[in-house]
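Chain and residue survey
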Amino acid sequence: MIYLDNGATSFPKPEPVRRAVSAAMACCGNPGRGGYPAAMEAVGRIYGCREAAAELFDCRPEQVVLTSSCTHGLNMAIQTLVKPGDRVVISGFEHNAVTRPLHGLGVQIAVAGRRLFDPEDTLTQWEDALRRGADAAVFTHVSNVFGYILPVEEMAELCRVYEVPFVVDAAQSAGSLPVSLGQWGADFIAAPGHKGLLGPMGTGLLLCNRLPKPLLAGGTGSESQNQEMPDFLPDRGEPGTPNVAGIAGLAAGIGLVRRMGLSRIANREHWEAKRCAEGLKKLGFPVFSGEYQGGTVSFIPRMDCEEAAGILGKHGIAVRAGLHCAPLAHESAGTLKTGTVRISFGPEATPEQSWAFLQAARHLL
Amino acid sequence: MKFCFITFRSVTFAQNGQRSLKRVGIDTILRRTPKGLEQRGCGYCLQLKETVALEAVDQLRREGIEFSKLYRFRENGSGEEWPV
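Residues numbered from 1 in each chain as written. Chains lettered and ligands numbered in written order. Predicted model: local features only at pLDDT ≥ 70, side-chain atom pairs only at ≥ 80, totals over all residues.

1. Side note on the overall build of chain A
- Across its full length, chain A holds 12 helices and 13 strands.
- Relative to its length of 365 residues, chain A is compact, with a C-alpha radius of gyration of 20 Å against a globular reference of 21 Å.
- In terms of its C-alpha atoms, chain A occupies a principal-axis envelope of roughly 65 × 50 × 30 Å.
- Within the span of chain A, comprising 365 residues, buried residues form 57% of the whole.
- In chain A, the share of contacts with a sequence separation of at least 24, taken over all contacts with a separation of at least 6, comes to 67%. (Helix = DSSP H or I, 4+ residues; strand = E, 2+ residues; numbered from the N terminus. Rg over C-alpha atoms; globule rule 2.2 N^0.38 Å. Buried ≥ 20, exposed ≤ 12 C-beta atoms within 10 Å, placed from the backbone. Contact = placed C-beta atoms within 7 Å.)

2. Examining the overall build of chain B
- Along the backbone of chain B there are 2 helices and 5 strands.
- Considered along the principal axes of its C-alpha atoms, chain B spans approximately 30 × 25 × 20 Å.
- Within chain B, buried positions represent 39% of all 84 residues.

3. Details of the sheet that holds strand β2 (residues 29-32) of chain B
All names here are of chain B.
- Judged by pairing direction, the sheet is antiparallel, and its 5 strands sit side by side in the order β2-β3-β1-β4-β5 without closing on themselves. The sheet is open, and its two borders are formed by β2 and β5 (79-81), each paired with just one other strand. On average, adjacent strands in this sheet sit at an angle of 30° to one another, irrespective of strand direction.
- Looking at chain direction, strand β1 (residues 3-8) and strand β3 (residues 44-49) are connected through 6 bridges and run antiparallel. Bridge pairing in β3 links Thr7 to Cys45. (Pairing = 2+ DSSP bridges. Axes fitted to C-alpha atoms, helices over the stretch in contact; angles between N-to-C directions.)

4. Considering the packing of helix α5 (residues 119-131) of chain A against helix α6 (residues 152-161) of chain A
All names here are of chain A.
- Where α5 meets α6, the closest approach of the two axes is 10 Å, and the angle between their N-to-C directions is 15°. Relative to α6, the element α5 lies roughly parallel. Between α5 and α6 the crossing geometry is right-handed. Here Leu123, Trp126, Glu127 and Leu130 of α5 come into contact with α6, specifically with Glu154, Met155, Leu158 and Cys159.
- Here the contact of α5 with α6 is built from residues that sort into 6 nonpolar, no polar and 2 charged. (Parallel < 35°, antiparallel > 145°, perpendicular 65-115°, else oblique. Left-handed = near helix turned anticlockwise from the far one by under 90°. Nonpolar A, V, L, I, M, F, W, Y, C, P; charged D, E, K, R; others polar.)

5. Points about the interface of chain A and chain B
- Opposite the 18 residues of chain A that make contact, chain B presents 14 residues.
- For the side of chain A that touches chain B, the per-class residue count stands at 7 nonpolar, 7 polar and 4 charged.

6. Some thoughts on the domain arrangement of chain A
Residue and element names in this part refer to chain A.
- The domain architecture assigned to chain A consists of domain 1 (2-11 + 262-364) and domain 2 (15-260).
- Here the C-alpha centre of domain 2 lies 26 Å away from the C-alpha centre of domain 1.
- If you look at the interface, domain 1 gives 31 residues, while domain 2 gives 30 residues.
- For the side of domain 1 that touches domain 2, the element with the highest residue contribution is helix α9 (residues 262-282), accounting for 6 residues.
- Looking at the side of domain 1 that touches domain 2, its residues break down into 13 nonpolar, 14 polar and 4 charged. (Domains from an automatic or database assignment.)

7. Overview of the nonpolar core
Residues and elements named next belong to chain A.
- Ala137, Val167 and Ile189 are the most contacted members of the largest nonpolar core, which has 135 residues in total.
- In terms of residues, this core owes the most to one element, helix α2 (residues 37-57), which gives 12 residues.
- Residues from two domains meet in this core; each of domain 1 (2-11 + 262-364) and domain 2 (15-260) gives at least three.
- Apart from the residues within four sequence positions on either side, Ala137 is in contact with Val88, Val89, Leu130, Cys159, Val164 and Phe166. (Core = buried A, V, L, I, M, F, W, Y, C linked by C-beta atoms within 7 Å.)

8. What to know about helix α4 (residues 96-105) of chain A
Residues and elements named next belong to chain A.
- All of the buried residues along α4 are Ala97, Val98, Thr99 and Leu102.
- Its buried side turned inward, α4 meets α3 (70-81), β3 (87-91), β4 (108-112), β5 (136-140), β6 (166-169) and α11 (327-333).
- Just past α4, the residue Gly106 takes up positive phi, approximately 70°.

9. As for α2 of chain A
- Helix length check: α2 of chain A (21 residues) gives 30 Å between terminal C-alpha atoms against 30 Å at 1.5 Å per residue, within 8%.
- Taken across its 21 residues, α2 of chain A has 15 buried, putting it largely inside the fold. (Expected span 1.5 Å × (residues − 1).)

10. Concerning the sheet that holds β4 of chain A
All names here are of chain A.
- In space, the 7 strands of this open sheet follow the order β2-β8-β7-β6-β5-β3-β4, with mixed pairing throughout. Every other strand in the sheet has two partners, leaving β2 (64-67) and β4 as the edge strands with one partner each. The sheet shows a mean angle of 20° between the axes of neighbouring strands, direction not considered.
- In the packing of α5 onto the sheet, contacts are made with β3, β4 and β5, and the angle to β4 comes to roughly 150°.

Pasting the structure below:
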């Protein structure tokens with residue numbers, strides 16, 4: 001199988017990640033609870049993950065709250081910054097992990113910037129929306145459907161200028177593009193552990209520049225006589241026994257990403273996505289591509305997109321079709337009715353993968 | 001040998017402290033804080049030689065690493081807070 005669904009999760013997990021998971025399951029007790037060697041082993045592995053993430057994302061280890069997913073982190077961040085009735089500015093390419101929590105809180109959502117691969121338009125619309133007043137802003141770094149790389153540094157700067165607290169969804173960028181809590185000044189940045197960071201599913205990160213509102217309350221192994229959740233990071237956001245094996249695997253994944261280098265990963269993904277986009281255009285498919293694009297490309301087949309993904313699957317190509325849990329992004333691109341077929345590359349992207357995909361795509365003609 | 005404990009509110013703070021002290025050549029042992037020293041229930045501390053305790057405290061302060069208290073233990077096992 002040629003796996004081109006890295007936007008959903010990295011697969012298969014690299015051998016060092018699998019080894020780290022297995023080793024942690026063999027030798028780790030419950031961290032933060034006991035002082036015996038197996039518990040301390042777990043404590044060390046978790047801190048190793050925090051340290052690796054802190055170096056990659058330009059923050060301190062305690063600012064890294066370990067979550068079960070990017071969605072978990074986004075919910076924590078949104079619940080912290082937003083209250084019912086607030087006006088919240090979001091980009092036109094947000095995932096349901098952003099829009100559903102906002103909808104659930106009953107906020108006024110202002111969508112700003114809906115043109116694909118047009119950062120100038122994104123910034124103009126973004127500033128206009130912020131100028132009208134906002135209680136918070138949430139925006140994705142990279143569209144999970146179209147691979148559009150939003151001008152996140154400038155969007156962050158505008159939020160700071162208009163003094164609007166903000167959250168960045170780094171679901172599709174963590175592990176392939178620079179993400180900096182320190183430089184961006186975001187209140188929160190959420191990332192999955194299992195996509196670009198190559199860790200196991202069930203892991204994620206919330207990078208915090210302020211104390212989050214806990215979604216759950218419970219034991220943290222600290223200040224046990226205090227019946228309030230601790231008022232310090234990362235404990236405030238981490239009640240209950242953590243996913244030690246997953247976190248150990250995530251640490252290994254982050255280590256691999258750092259060794260490979262972000263620019264090398266980004267280049268590989270970008271060029272293979274571009275190669276596929278050009279090939280698909282030659283085959284006559286409507287393709288969404290542009291200058292500011294990562295390793296993800298969407299196209300519209302001449303049949304139902306799920307049927308097309310099924311045909312590609314039969315020819316050994318794993319892709320995702322439909323709305324990709326991002327109806328807002330499809331609405332922005334005008335593909336809400338049809339959906340798209342999405343191909344998304346990972347750090348090991350090769351020209352051979354692209355050629356195999358384009359060969360299989362001929363079966364859609 | 002006399003030794004000291006530097007206590008922390010969380011294991012992560014203690015680990016930050018351990019890393020920081022290691023960088024300046026101070027070896028420590030990360031361990032659970034003895035119940036008798038812990039006022040809020042459950043915590044971690046760094047055990048280190050008394051001879052380097054004040055240097056360690058200075059280093060933690062320089063790097064902005066939050067700690068709770070410093071305790072000094074005598075050879076007979078009795079201990080006391082060392083105000084710093």
